[in-house]
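Fold and contact review
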Amino acid sequence: MMLVRRPRCRTIAFWDIYVDTSLVSYAAKIKKILPPDMRRLFFQLNSPSKVQDYLDALSINFEISGESNFPPIQVFEKKTAHCFEGAVFAAAALAYHGHKPLLMDFATAYDDEDHTVALFKISGKWGALSKTNHAVLKYRDPIYASPRELAVSYFHEYYLWDGRKSLRAYSAPFDLSKYAPEKWITAGESLDWLMDAISKSRYFPVASEKSFRILRRASPVELRALKVIGEKDPRKRIKGNPRD
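Scoring rules and cut-offs
Residues numbered from 1 in each chain as written. Predicted model: local features only at pLDDT ≥ 70, side-chain atom pairs only at ≥ 80, totals over all residues. Heavy atoms only, no water. Helix = DSSP H or I, 4+ residues; strand = E, 2+ residues; numbered from the N terminus. Polar contact = N/O pair within 3.5 Å; in protein donor to acceptor, adjacent residues only side chain to side chain. Axes fitted to C-alpha atoms, helices over the stretch in contact; angles between N-to-C directions. Parallel < 35°, antiparallel > 145°, perpendicular 65-115°, else oblique. Contact = heavy atoms within 4.5 Å. Nonpolar A, V, L, I, M, F, W, Y, C, P; charged D, E, K, R; others polar. Core = buried A, V, L, I, M, F, W, Y, C linked by side-chain atoms within 4.5 Å. Buried < 20%, exposed > 50% of the residue type's maximum accessible area, 1.4 Å probe, protein only. Patch = residues over 30% accessible without salt bridge, like charges linked within 9 Å, V, L, I, M, F, W, Y side chains within 5 Å. Areas by Shrake-Rupley, 256 points an atom, 1.4 Å probe, with all protein chains shown as cover. Salt bridge = Lys/Arg side-chain N within 4 Å of Asp/Glu carboxyl O. Lys, Arg positive; Asp, Glu negative; His and termini not counted. Charge placed at Lys NZ, Arg CZ, Asp CG, Glu CD. Arc of directions from axis to C-beta. Pairing = 2+ DSSP bridges. Phe/Tyr/Trp six-rings, centres within 6.5 Å; stacked < 30°, edge-to-face > 60°. Lys NZ or Arg CZ within 6 Å of the ring centre and 35° of its normal.

What follows covers the side chain of N133. When you line up the elements, N133 lands in the loop between β5 (125-129) and β6 (140-144). There is a polar contact of 2.7 Å between the side chain of N133 and the backbone oxygen of E231.

What follows is about the packing of helix α1 (residues 24-33) against helix α5 (residues 83-96). Contact geometry of α1 with α5 gives a least axis separation of 8 Å together with a crossing angle of 115°. Relative to α5, the element α1 lies roughly perpendicular. Every residue of α5 that contacts α1 at Y26, A27, I30 and K31 is listed here: A92, A95 and Y96. The residue inventory of the contact of α1 with α5, partitioned by class, reads 6 nonpolar, no polar and 1 charged.

Ranked by internal contacts, the top residues of the largest apolar core, which has 42 residues, are F42, F89, L103, W184 and L194. Elements with a contribution of two residues or more to this core: α1, α2 (36-44), α3 (48-57), α4 (72-78), α5, β4 (115-122) and α8 (192-199). In contact with W184, not counting residues within four places along its chain, are Y26, P71, P72, V88, A91, A92, P101, L176, Y179, L191 and W193. Residues V136, Y154, Y158 and L167 belong to the second largest nonpolar core, which totals 23 residues.

What follows covers the packing of α2 against α5. Describing two packed helices takes the angle between their axes plus the distance from one axis to the other. Viewed as axis vectors pointing N to C, α2 and α5 meet at an angle of 80°, and their least axial separation amounts to 9 Å. With respect to their mutual orientation, α2 and α5 come out roughly perpendicular. Between α2, through M38, R39, L41, F42 and F43, and α5, the contact on the second element is made entirely by F89, A92, A93 and Y96. Across the contact of α2 with α5, the residue classes break down as 8 nonpolar, no polar and 1 charged.

To continue, consider a negative patch on the surface. On the surface, E67, E189, D192 and D196 cluster together into a patch of negative charge. Within the secondary structure, E189 sits in the loop between α7 (181-184) and α8. The exposed category is assigned to E189, whose relative accessible area is 54%.

This next bit is on unusual backbone geometry. Keep in mind that most residues, glycine aside, have a negative phi and that most peptide bonds are trans. Phi is positive for K79, close to 60°, though the residue is something other than glycine. If you trace the backbone, K79 turns up in the loop between α4 and β2 (80-81). In this structure K79 comes out as partly exposed when scored by relative accessible area, which is 40%. Located in the positive-phi region is L137, a residue other than glycine, with phi close to 60°. Structurally, the position occupied by L137 is in the loop between β5 and β6.

In an α-helix, one full turn covers 3.6 residues, which means residues spaced three or four apart are oriented alike. Every buried residue of α1 is listed here: Y26, A27 and I30. Mapping the buried residues of α1 onto a view down its axis gives an arc of 100°, with all of them on the same face.

On to the pairing of β4, then. Most of β4 is tucked away, with 7 of its 8 residues classed as buried. Sheet topology note: the strand β3 (residues 102-108)/β4 ladder contains 5 bridges and is antiparallel. In the strand pairing of β4, D105 is matched with T116. With antiparallel pairing between neighbouring strands as the criterion, β3 and β4 make up a hairpin whose turn holds 6 residues. Direction of pairing for β4 relative to β5: antiparallel, over a ladder of 5 bridges. Bridge assignment links L119 to a residue of β5, and that residue is A128. If you look at the hairpin formed by β4 and β5, you'll find 2 residues sitting between the two strands, and S123 has a positive phi there, around 55°.

Further remarks concern the packing of aromatic side chains. A complete count under the given rule lists 9 aromatic pairs for this structure. Among the aromatic residues, ring-to-ring pairing joins F42, Y54, F89 and Y96 into one connected group. Across from the ring centre of Y96, 5.1 Å away, lies the NZ or CZ of K31, which sits over that ring. Above the plane of the ring of F174 lies K178, whose end atom (NZ or CZ) is 4.3 Å from the centre.

Turning our attention to the pattern of salt bridges. All chains considered together, the criterion is met by 5 salt bridges. D56 is paired through a salt bridge with K138; the nearest N and O atoms lie 3.8 Å apart. A residue pair is termed long-range when its members are at least 10 positions apart, and D56 in helix α3 and K138 in the loop between β5 and β6 qualify at 82 residues. The partly exposed category is assigned to D56, whose relative accessible area is 39%. Looking at K138, the relative accessible area reads 26%, which means it is partly exposed. A salt bridge links R164 to D162; its shortest N-O distance comes to 2.7 Å. A residue is classified by how much of its surface remains accessible, and R164, at 26% relative accessible area, is partly exposed. Assessed through its relative accessible area of 36%, D162 is described here as partly exposed.

Written as structure tokens, this is what we have:
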């Protein structure tokens, strides 16, 4: 990773000096394909905190009309996202500023739902951007030494209403820059293919099978924390599954 200083003609965000020079041309392609209003937004989202604030302000996509995997341009237009859509949107905003667009997927026990986050790296430390309706599985500051260290930080927040901790594995950082930006940022169709591609990538267990057998269940006060939500789910809640 080389240190690159941006032109003095604009305000430099604290993370701008950590641009991956190999992705400068990729960022230029993104700027070229974005509609003007979306390009202006991405220009303003010039730090991980600002990207996370934007994700937090989006309404939750409860998929009332059926399952969806909206590309970033549709998230921008509809102003709604679930975790996968939010992570891809965040990765696009990072890529606009010359950073590698990376996703990490969390695989769970059979009766829970996966979660996806966008990764970023500053000063050699990893952080994550996350869209969720709950007070858990949120943003991670860039303080983690490795993707694994970051991934396991989510372990004790990942549990079901009966207290079972359900996180089982995490994917290797999935690099979206191997795809043309118009294939995933401004695509006119669902990103089902991308979700499938990530699911077929390499995953690593968060612990051994022996460790999984001796896990302590979440306490009653931890379970009460699951009731803290950003928006009320209009769907009928499925018993046992606390997250969207």
